[in-house]
Amino acid sequence: QGKKSIFSVFGASNIDSILLMAPSAKDHPEASAIIISDKVNRVIYEHGASEAITESIIRVCNEKGIDFFKEYRIGYNGNSQDLIIEKAVTIKPDGKEIRADISRNMAVFKGLEPNDFIYIKHRIRNYNTGKLARHVWDEYYFNRFFPLTHAEYAMIIPNETQFTTSQQGMDLSPISIELKDINSTLYSWTINNEPGIVYEADMPSLNEIGKVLRFTTIPNWTYLIEWYAELAQSKAQ
């Protein structure tokens, strides 16, 4: 229809400004790497299809950080999702970029040295089927095992779509913006300057102790039970 991408509503990140203001290893002497910015922009369409663009900037502080991030794996479900890695580069302090080697959901960052950045931007498109085709669910972690300077989760969702959210370890109020031209609302949750979680042996997983936002359009557990029953009953022996 000649319209701009719906993702233009979120606005573009000023990468140069983010890198210029980024903290260094001196600001976090305990950290092997610093997550400078991690942003997810998700669009949910009228009939339940959705796609999300994730944009991450990470500074590696030492060899340990390089070993951890030089091979960057993106988690996705190949049965119900498409993954497109739009850009993956090593960024030197002087601004020079070195393209990463990409194979399916893996990006290998070359030429990494202490104080360098890695930048990765990827898109995941969801195409659930059957009874779940019209529904969307997701979770986002606002803290990690590394210091996190800026974390943001934003989504555009049609006004008539019912959804619920829950928060673990935090109580964030989203900013909401009415998008009258598309009968939708933009919601955004943000946290800044979050310290890294200190790892301890035998500690619970991040899924249990992290600051997590979860949302779903699935109305209740009964709906899930009915969905699974339809799949299982024909196969039961």
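All values reported here derive from a predicted model rather than from experimental measurement. (Residues numbered from 1 in each chain as written. Predicted model: local features only at pLDDT ≥ 70, side-chain atom pairs only at ≥ 80, totals over all residues. Heavy atoms only, no water.)

K.L.:
Tell me about empty space enclosed by the protein, and name the residues and values.
P.N.:
Counting across every chain of the model gives 1 cavity of 30 Å³ or more. Considering the residues around the largest cavity, the lining is formed by Ser-13, Ile-15, Ile-18, Ser-37, Lys-39, Glu-55, Ser-56 and Ile-57. Per-element accounting of the lining of the largest cavity gives the leading share, 3 residues, to strand β2 (residues 50–60). Split into classes, the residues belonging to the lining of the largest cavity amount to 3 nonpolar, 3 polar and 2 charged. (1 Å grid on protein atoms, 1.4 Å probe; cavity = no way out; pocket = protein on both sides within 12 Å on 5 of 7 lines; lining within 4 Å. Points joined across faces, edges and corners; volume = space filled by probe spheres on them. Helix = DSSP H or I, 4+ residues; strand = E, 2+ residues; numbered from the N terminus. Nonpolar A, V, L, I, M, F, W, Y, C, P; charged D, E, K, R; others polar.)

K.L.:
Please give an account of the pairing of strand β4 (residues 81–91) that cites residues and values.
P.N.:
Here β4 pairs with strand β8 (residues 117–126) via 10 bridges, running antiparallel. Residue pairing across strands places Leu-83 opposite Ile-124, the latter belonging to β8. Between β4 and strand β5 (residues 97–99), which pair antiparallel in sequence order, lie 5 residues; one of them, Gly-95, sits at a positive phi of approximately 95°. (Pairing = 2+ DSSP bridges.)

K.L.:
Summarise the layout of surface pockets; cite the residues concerned and give the values.
P.N.:
Size it by volume and the largest pocket reaches roughly 1000 Å³. In terms of lining, the largest pocket is formed by 35 residues, of which the most central are Thr-54, Gly-75, His-122, Glu-139 and Tyr-140. Sorting the residues of the lining of the largest pocket by element identifies β1 (33–44), β2, α2 (63–69), β3 (71–73), β8 and β9 (137–141) as the ones contributing at least two each. In terms of residue class, the lining of the largest pocket is made up of 17 nonpolar, 12 polar and 6 charged.

K.L.:
Before we move on, can you summarise the nonpolar core with the specific residues and values?
P.N.:
Within the largest apolar cluster, 36 residues are counted, with the highest numbers of intra-cluster contacts made by Phe-69, Tyr-72, Phe-109, Ile-120, Phe-142 and Tyr-153. Mapped onto this core, the elements with two or more residues apiece are β1, β2, α2, β4, β8, β10 (148–158), β13 (184–194) and β14 (212–216). With 5 residues, the top contributor of residues to this core is β10. Counting 11 residues, the second largest nonpolar core, distinct from the first, contains Ile-15, Ile-57, Val-89 and Ile-91. (Core = buried A, V, L, I, M, F, W, Y, C linked by side-chain atoms within 4.5 Å. Buried < 20%, exposed > 50% of the residue type's maximum accessible area, 1.4 Å probe, protein only.)

K.L.:
Tell me what's going on with the sheet that holds β9, and back it up with residues and numbers.
P.N.:
Ordered by their spatial adjacency, 3 strands build an open sheet running β9-β14-β11, and the pairing between neighbours is antiparallel. Two strands lie at the open edges of the sheet, namely β9 and β11 (164–168), each paired on one side alone. Strand-to-strand twist across the sheet, computed as the mean angle between neighbouring axes with direction ignored, equals 15°. Both β11 and β14 contribute to a ladder of 5 bridges, which runs antiparallel. Looking across to β14, one finds that Gln-167 is bridged to Leu-213. (Axes fitted to C-alpha atoms, helices over the stretch in contact; angles between N-to-C directions.)

K.L.:
Report on the pattern of salt bridges, specifying residues and quantitative values.
P.N.:
Taken as a whole and assessed by the stated rule, the structure comprises 13 salt bridges. Here Glu-113 and Lys-92 are joined by a salt bridge, their closest N and O atoms 3.1 Å apart. Placement of Glu-113 in the loop between β7 (106–108) and β8 and of Lys-92 in the loop between β4 and β5 is noted, with a sequence separation of 21 residues between them. Judged by its relative accessible area of 14%, Lys-92 falls in the buried class. Ionic pairing is found between Asp-116 and Lys-92, a salt bridge with its closest N-O pair at 2.7 Å. You can see Asp-116 sitting in the loop between β7 and β8 and its partner Lys-92 sitting in the loop between β4 and β5, a full 24 residues away along the chain. Taking the relative accessible area as the measure of exposure, Asp-116 reaches 2% and is therefore buried. (Salt bridge = Lys/Arg side-chain N within 4 Å of Asp/Glu carboxyl O.)

K.L.:
Give a detailed account of unusual backbone geometry, specifying residues and quantitative values.
P.N.:
Located in the positive-phi region is Asn-115, a residue other than glycine, with phi close to 85°. Mapped onto the elements of the fold, Asn-115 is located in the loop between β7 and β8. What makes Asn-115 partly exposed here is its relative accessible area of 30%. Positive phi, close to 55°, is recorded for Asn-183, a residue that is not glycine. Here Asn-183 lies in the loop between β12 (175–179) and β13.

K.L.:
Could you give an account of the sheet that holds β5, naming the residues involved and the relevant values?
P.N.:
The sheet built from 8 strands is open, its strands ordered β5-β4-β8-β2-β1-β10-β13-β12 with mixed pairing. Edge positions in the open sheet fall to β5 and β12, since each of these has one partner strand only. For this sheet, the mean angle separating the axes of adjacent strands, direction not counted, is 15°. With 5 bridges joining them, β12 and β13 adopt antiparallel strand pairing. Looking across to β13, one finds that Ser-176 is bridged to Tyr-187.

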